[in-house]
Structures are given as structure tokens and as C-alpha cells.
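One-letter residues, chain by chain:
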Amino acid sequence: MRTQPRRDFLRLIGLASAAVVLPPWLQGCATDPVTGKTSLVGMSEAQEKSLDKQHAPHQFSADYGASQDTRLNRYVEYVGARMWADSHRPKMPYTARALNANYVNAYTFPAGSIGVTRGILLEMESEDELAALMGHEIGHVNARHAAERAGKSLLVQGGLVLAQVAAAGNEQYQPIIQLAGQIGGSALLAKYSRDDEREADALGMDYMVKAGYNPDGMSGLMGMLQSQSKSKPGLLETMFASHPMSEERHATAQKRAAKKYAAERGRKENRERYMDSIADLRRIKTVVVAQQQGEGLMSKKQLPQAEERFDQALRQAPDDYTGNVLMAKLMTAQKRPREAETYLAQARAIYPSEGQALQLSGVNKLALNQPDAALQFFEAYEQRLPGNPNTTFLMGVAHEERRDRKQAAQYFYRYAQQVNSGQEAQYAVNRLKSWGYLK
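Keep in mind that this is a model prediction, so the values were computed, not measured.

S.K.: Is there a simple way to explain the environment of Val76 in this structure?
M.R.: On the secondary structure map, Val76 appears in helix α3 (residues 70–84). Note: C-alpha distance between Val76 and Ala131 (55 residues apart in sequence) is 9.0 Å. Sequence-distant contacts of Val76, that is, excluding residues within four places in its chain, are made with Ala96, Arg97, Ala98, Val116 and Met134.

S.K.: It is not clear to me how unusual backbone geometry should be interpreted in this structure. Could you clarify?
M.R.: Negative phi values dominate among residues other than glycine, just as trans dominates among peptide bonds. Of note, the phi angle at Arg144 is positive, near 60°, even though the residue is not glycine. Of note, Arg144 is situated in the loop between α5 (127–142) and α6 (145–168). Relative accessible area serves as the criterion here: at 8%, Arg144 is assigned to the buried category. Of note in the backbone geometry, Lys301 takes a positive phi value of approximately 65° without being a glycine. Among the structural elements, Lys301 can be located in the loop between α14 (285–299) and α15 (303–316).

S.K.: Could you clarify how one ought to interpret the nonpolar core in this entry?
M.R.: The nonpolar side chains of soluble globular proteins are, as a tendency, buried together. Core analysis: the largest hydrophobic core is formed by 49 residues, its most contacted members being Tyr321, Phe378 and Phe412. Counting residues in hydrophobic clusters, the runner-up holds 46 residues, among them Leu121, Met218, Ala253 and Tyr274.

S.K.: I keep staring at the environment of Tyr207 and nothing clicks. Help me out?
M.R.: Mapped onto the fold, Tyr207 is located in helix α8 (residues 194–210). Using a relative accessible area of 2% as the deciding quantity, one classes Tyr207 as buried. Sequence separation between Tyr207 and Gly135 is 72 residues; the distance between their C-alpha atoms is 6.0 Å. Ignoring sequence-local partners within four residues, the contact set of Tyr207 consists of Met83, Asp86, Ser87, His88, Gly135, Ile138, Gly139 and Asn142.

S.K.: So what exactly am I meant to see when it comes to the sheet that holds strand β6 (residues 113–117) here?
M.R.: Hydrogen bonds between backbone groups are what pair the strands of a sheet, and the pairing can be parallel or antiparallel. The sheet built from 3 strands is open, its strands ordered β4-β6-β5 with mixed pairing. Only two strands of the sheet have a single partner each, and these edge strands are β4 (95–99) and β5 (106–108). Each strand of the sheet is rotated relative to its neighbour by a mean of 15°, with strand direction disregarded. Relative to β6, β5 runs antiparallel, the two sharing 3 bridges. Bridge assignment links Ala106 to a residue of β6, and that residue is Val116. Helix α2 (residues 45–62) rests against β4, β5 and β6 of the sheet, and its axis sits at about 10° to β6. Seen against the sheet, α5 touches β4, β5 and β6 and runs at an angle of roughly 25° to β5.

Cut-offs applied
- Residues numbered from 1 in each chain as written.
- Predicted model: local features only at pLDDT ≥ 70, side-chain atom pairs only at ≥ 80, totals over all residues.
- Heavy atoms only, no water.
- Helix = DSSP H or I, 4+ residues; strand = E, 2+ residues; numbered from the N terminus.
- Contact = heavy atoms within 4.5 Å.
- Buried < 20%, exposed > 50% of the residue type's maximum accessible area, 1.4 Å probe, protein only.
- Core = buried A, V, L, I, M, F, W, Y, C linked by side-chain atoms within 4.5 Å.
- Pairing = 2+ DSSP bridges.
- Axes fitted to C-alpha atoms, helices over the stretch in contact; angles between N-to-C directions.

Shown next as C-alpha cells:
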């Protein structure tokens, strides 16, 4: 049996934790529901909804799933619903949930599937700040920022891919390289322009004020983020990558509140209700902090030190799903798959409906040279969260480990049809070439 080198398993761990790659569609021009102007968008409203329904769950799973705190999720949904009901696109299928990820972030998919991490929930201090955060994300949905960005990316990528096909001069490669290109889930959630951010800020403040909140919640949120960026910069890397922050945005929010909403600044901020609603989360704040520290150390490849932090967190909260999954990832990275198996079994027991532990269990079985068991986990994940190309690739790896080239080739071919860039795509194409399925 061929043994996977350590670096390959580290890549597979990352692949199992990554969001799905999403295929966009170019639809031409449409009317911006906020400005009324004609703009280039990457998908129709029906396709925005379809994308959310099919793919957002994979991103949420990459962030360790929705919190199992039912009260917290209902509260986050309640705050969002107060605003999206009176937005420019009230009929979009909005949803909102707290996510088990520790980093500080919030994001939305184009049709309004919104995720708010427990990391940022622990840093905010009032319902008004949460309303500002949610209003900002709802603003992105209403202004169709993600859809417009997908359209612009397609214009660039489409030209590049057509050039690649022309250069190849071989029709056998055309099924592998999709002419429309690919935009990943991370790209749909990737960096907005500063103009997009300003527009979402303005819309978010409008929505939150209409819902009865104090507009100072927006400047309070931005002040907190700026403070965190100085004291804990690593925690906000992803948020600031997708939501570029600046002193100018903070100052603009303060001026808008003072000039446009001066009368509403006297509203009482809902601090007590916020703190009551996140009470169970606040009880494990030290656990979250320890995990944040561990993740930072792990990213720096300081694995023994990361293990100390994760162990500290698990001693305080042995039934925390995120903590068990993080420790399992660390064990696998340290070539300790037997120990990883224990943490993954615990994670599956704690949160049976969440998918990431299933996929990681499959990767871990590959590390243990048990491809048949790995396939069972990948198939279980596929039943729970269908349509993830990463699972297709991993199943190809498992069949290759079983020395079943025919089955492996089928999965690698399917993966290469869906994803045309990255190490995994290159690996799949190289295997197909070496086995004679491509010339």
C-alpha cells in the first residue's frame, strides 16, 4: 500500500476543512434593487437562491457548524429578521445562525444565508452592535455585491481559460477545463471593495434604525473591531480580508449617526438582553480564548504549544465540538492518527448532524491505511452535505489507496470537471494522464 507523506495529509486536512468550490453563472445586466441602476451581475436572483441552498451549508460546516445553543441561534435570527423584513429585498430567503468558529468574523452568501462566529459574538457588547453587524451583511445582499463581483471575475477568468484552451490545442482537455471558469466559495466571501463596504455600512445603519436600534451601535462595532485589530490582529485577518476596515469608515459612521440620525441616538442600547442571550457562550469564553491561541500556534507550526492550549480548553469543556475537532486535526498533523480517532469519535457523538468530523474521520482513516473505512465516512458526509467537490477528490484518493484505478479515475475526472485550479486539480489531472485516461 502506498504511504501518503505527511505534507499530503496536512493538505487533506485543509481540504476537508475548506469551503466548497462554487460554479458561477454570467447573466448579463440587471437592475440594482438599491440604486435602480443597471449593473453587471454574475447570477440571477433565482441562481443566488439556488447557490445558497446548495453551497452555504458547506461553508458553515467548515466553520464547525451552527451553534448547538438553540436560544442563541433564535436570538441571532430574531435580530436579523427585524431588519431584513424592511430591507430592499424582503423576500429573499434570509437565515442567520451563530457558528462555532473561534475567529472574529461574519459573512453572508448572495441570497442571505448569514453566519456570525462565536468569536465575534464574544467581543460585541450590545444587541445594537449585533444589529449593525447583521445590517451590514444584509446591505451586501440587497446591493448584490457578491453577484456583481462574480460577474466581473467571470469576465476575466473566462478570457484566461479560453486562452488556455486555445494554447492547448487539444480537445481532450476541454472537458477538464470549464470554459466559464470557477469561483470558489471563499471568493464569493472574499474582499469587498471599499465602495461596497461604504454602501453596506450606510444600508446597515438605515436598516437598524428602521428596526428601532441606536445608530451608535454601528460606530461601536467598528470601534471594537479596530481595537481588536491592534490587540489581537490574527483573529481578524479573515474578516479584514473580506471586509476592509479603515479609520475613515469609523469616522463616517459617527458622522452619519450624528447628522442623519441625531434623534435616534437617544435610544437605549440593548446591553442586558444581549448579555443574557449569549450567557451560555460567555461561560466558555476562556475555552474559546484558549482555542484561539492554539489555532494561532498551529498556524505557526508550533504544534506542541498548540496542543497545550487545546488540551487546556478540553479540560474545561470536554463536550465542545470545535475543541475535539481541533485536537483531532492537530493529532493527525503530528502523525498520531490513533489519538485523532478518539477525538473524532467524541466529536461525532457530540454533534451527530455536523459534517466536518465525518470528513476528517475519512482523512484520518487514510492516514491509518484503511481506505475502505475512509470511503464509508466520505459517503456518510456526502449523504449529509451533498455536492462538495472536495469529497469527490478525497474519494478518488481512497480508491487510489485501494488500488482501484478505474474508480479513482472516475472521481478524479469528476473533480477536475468541477475545479480547474489548485494542487488537488493538478494532482487529479496528472493521475488521469499517468493512467492513460488523458494524453
